[in-house]
Amino acid sequence: LAKGTISQFTMKNGVSFLNYNVVFHEDIVVKNISEHLQNYEFIYSLESNLCHCFGVDSIPTQIEKFRTAIFCCGKKLDSVFHFAKDKEYIFSAINVSAIDLGREEGNDVFLQKLQSIFKLTETDDRIAYIGSLNLKIADVIHQLNDTTQNGIIRSLLIEATIKTIMALQLQQHSDDLENLVLNIGTLSNKEMTTIQDLSSLIKRHPENEYTISSLCLRSGLSKAKLQEGFRLMHGFTVTTYIRHTRI
């Protein structure tokens, strides 16, 4: 049916983290049926675009890799993913049950935040948010995958990663709304991939001399887009990122 790995980690509050690295040998449809009144999914793909819909008969929505996606649906509504044959999928899925989360002490603020942003009604029992490109989340997931820790230390790292991914996704939602109001443009998928390639180059060879002009010449990006890309991905200007990498 498939080759690769699918790993799962479940926290005490019912939040589950699924990490996929798989190639299916035939076209596959995977259904996630919500058993609760309100269920949230935080999706992020590192490789290949994903196709999602509510119900098997609905038209799928495409989620490009490196874009954030949050889905919310009501009880007994299928959240469906379509996977194509012979295509590599590397992505994470965090599932959150509002009921289970509410039972755990200390989750009130986070749950209220979720429910205030993604509020279901009797007439609207599904919400799909596809966000902008966010390469910070890719860095977080890569750091987790690269760790060699085991046991309780790895469990704590996974829990921290889950919380970080959800926080970054919610922050991206807030930023997207603000950018929409201010009519601020964002970089394309290709341009953000170029930023990622430049970041990897600097990280591999921090001893080299880099200037804004040389990086623009190498990448074909303007100075404005180069700076915007590094701020979006790392929260730093290009110069600050280079300095931080050399420490």
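Our subject is the structure that appears above.
Definitions and cut-offs
- Chains are numbered independently. Their residues run from 1 in the order of the written sequence.
- Reporting in this predicted model follows two pLDDT cut-offs: at least 70 for local features of residues, and 80 or more for side-chain atom pairs to be given and counted; totals over whole chains, interfaces and linings ignore these cut-offs and use all residues.
- Heavy atoms from the whole structure form the basis of all side-chain values; hydrogens and water molecules are not counted.
- Note on conventions: DSSP H or I runs of at least 4 residues are helices, E runs of at least 2 residues are strands, and numbering of each starts at the N terminus.
- In this setup the radius of gyration rests on C-alpha atoms only. A globule is expected at 2.2 Å times the number of residues raised to 0.38.
- Relative accessibility decides the category of a residue: with a 1.4 Å probe and only protein chains considered, values under 20% of the type maximum give buried, values over 50% give exposed, and everything between is partly exposed.
- Note on contacts: a residue pair qualifies if any of its non-hydrogen atoms lie within 4.5 Å across the two residues.
- In these tables, accessible area is a Shrake-Rupley quantity obtained with a 1.4 Å probe, and a residue counts as shielded only by the protein chains included in the view.
- All tallies of charge rest on Lys and Arg as positive and Asp and Glu as negative; His and the ends of each chain are not included.
- The atom standing in for a charge is NZ when the residue is Lys, CZ when it is Arg, CG when it is Asp and CD when it is Glu.
- Fitted lines through C-alpha atoms serve as axes, helices being fitted only where they are in contact, and the angles separating the N-to-C directions of these axes extend from 0 to 180 degrees.
- Here a crossing is taken to be left-handed if its near helix is turned anticlockwise relative to the far helix by less than a right angle, and right-handed if that turn runs clockwise.
- Residue classes follow a fixed rule: Ala, Val, Leu, Ile, Met, Phe, Trp, Tyr, Cys and Pro count as nonpolar, while Asp, Glu, Lys and Arg count as charged, and any other residue, Gly among them, counts as polar.
- What makes two strands pair is DSSP finding at least two bridges between them.
- For patches, a residue must show more than 30% relative accessible area and have no salt bridge; joins then use 9 Å for like charges and 5 Å for nonpolar side chains, namely Val, Leu, Ile, Met, Phe, Trp and Tyr.
- Here a salt bridge means any side-chain nitrogen of Lys or Arg lying within 4 Å of a carboxyl oxygen belonging to Asp or Glu.
- Only Phe, Tyr and Trp rings take part, Trp by its six-membered ring, and two of them pair if their centres are within 6.5 Å. Stacked means planes under 30 degrees apart, edge-to-face means over 60, and tilted covers everything else.

Colleague: Quick one: what's the story with the overall build of the chain, residue by residue and with numbers?
Modeller: Looking only at helices and strands, the chain has eight helices and ten strands in total. Against the compact-globule benchmark of 18 Å for 247 residues, the chain has a radius of gyration of 19 Å, which places it among compact chains. Among the 247 residues that make up the chain, the fraction classed as buried is 44%. Taking as baseline every contact in the chain between residues at least 6 positions apart, the subset at least 24 positions apart corresponds to 74%. When the accessible surface of the chain is split by element, carbon and sulfur atoms take 51% of a total near 13,500 Å². Here the chain holds 25 positive side-chain charges and 28 negative ones, and the gap between their average locations is 5 Å.

Colleague: Would you mind going over the packing of helix α5 (residues 189-204) against helix α8 (residues 238-246) in detail, with residue names and values included?
Modeller: Packing of α5 against α8 leaves a shortest axis separation of 9 Å and a crossing angle of 35 degrees. In the crossing of α5 with α8, the sense of the turn from one axis to the other is right-handed. Of α8, the residues touching α5 (which contributes S199, I202 and K203) are Y241, I242 and T245. Of the residues belonging to the contact of α5 with α8, the class tally is three nonpolar, two polar and one charged.

Colleague: Before we move on, could you go through the environment of N13 and cite the residues and values that matter?
Modeller: Examined against the element boundaries, N13 turns out to sit in the loop between β1 (2-10) and β2 (16-24). On a C-alpha basis, the gap between N13 and G55 in space is 27 Å, while along the polypeptide they are 42 residues apart.

Colleague: A description of the pairing of strand β9 (residues 88-97) should follow, citing residues and the corresponding values.
Modeller: Among the ten residues of β9, nine are classified as buried, and the element is accordingly described as predominantly covered. Pairing of β2 with β9, which is carried by eight bridges, proceeds in the antiparallel orientation. The residue of β9 that forms the bridge with S16 is N95. In terms of strand pairing, strand β4 (residues 39-47) meets β9 through eight bridges, oriented antiparallel. Directly across from E47, in β9, lies its bridge partner I90.

Colleague: Describe in detail a nonpolar patch on the surface, supporting the description with residues and values.
Modeller: A cluster of nonpolar side chains, I152, I153, L156 and L157, forms an exposed patch at the surface whose accessible area comes to about 380 Å². By secondary structure assignment, the location of I153 is in helix α4 (residues 151-182). Since its relative accessible area comes to 43%, I153 is described here as partly exposed.

Colleague: Break down the sheet that holds strand β7 (residues 67-73) for me, citing the residues and quoting the values.
Modeller: If you trace the six strands from one edge of the open sheet to the other, you get β1-β2-β9-β4-β7-β10, paired in antiparallel fashion. Each end of this open sheet is capped by a strand with a single partner; those strands are β1 and β10 (126-133). Looking at each pair of strands side by side, their axes are set apart by 15 degrees on average, direction ignored. The pairing of β1 with β2 spans nine bridges and is antiparallel.

Colleague: How would you summarise the packing of aromatic side chains if you had to cite specific residues and measurements?
Modeller: Summed over the entire model, instances satisfying the criterion amount to ten aromatic pairs. Taking the centre distance of 4.3 Å and the plane angle of 5 degrees together, the rings of Y20 and F91 count as stacked. Of this pair, Y20 sits in strand β2 while F91 is found in strand β9, placing the two residues 71 residues apart along the sequence. Residue classification places Y20 among the buried positions, given a relative accessible area of 14%. Ring centres of F81 and F83 lie 6.4 Å apart, and the angle between their planes is 20 degrees; on these two criteria the pair is classed as stacked. Under the relative-accessibility criterion, F81 is labelled buried at 8%. Taken together, the ring pairs connect Y20, F24, F54, F71, F81, F83, Y89 and F91 into an aromatic cluster.

Colleague: Run through unusual backbone geometry, naming residues and quoting values.
Modeller: Phi at S48 takes a positive value of approximately 75 degrees, unusual for a residue other than glycine. Structurally, S48 is set in the loop between β4 and β5 (50-54). A residue is classified by how much of its surface remains accessible, and S48, at 11% relative accessible area, is buried. For F66, which is not glycine, the phi dihedral falls at a positive 75 degrees.

These values are about where atoms sit, not about what they do.
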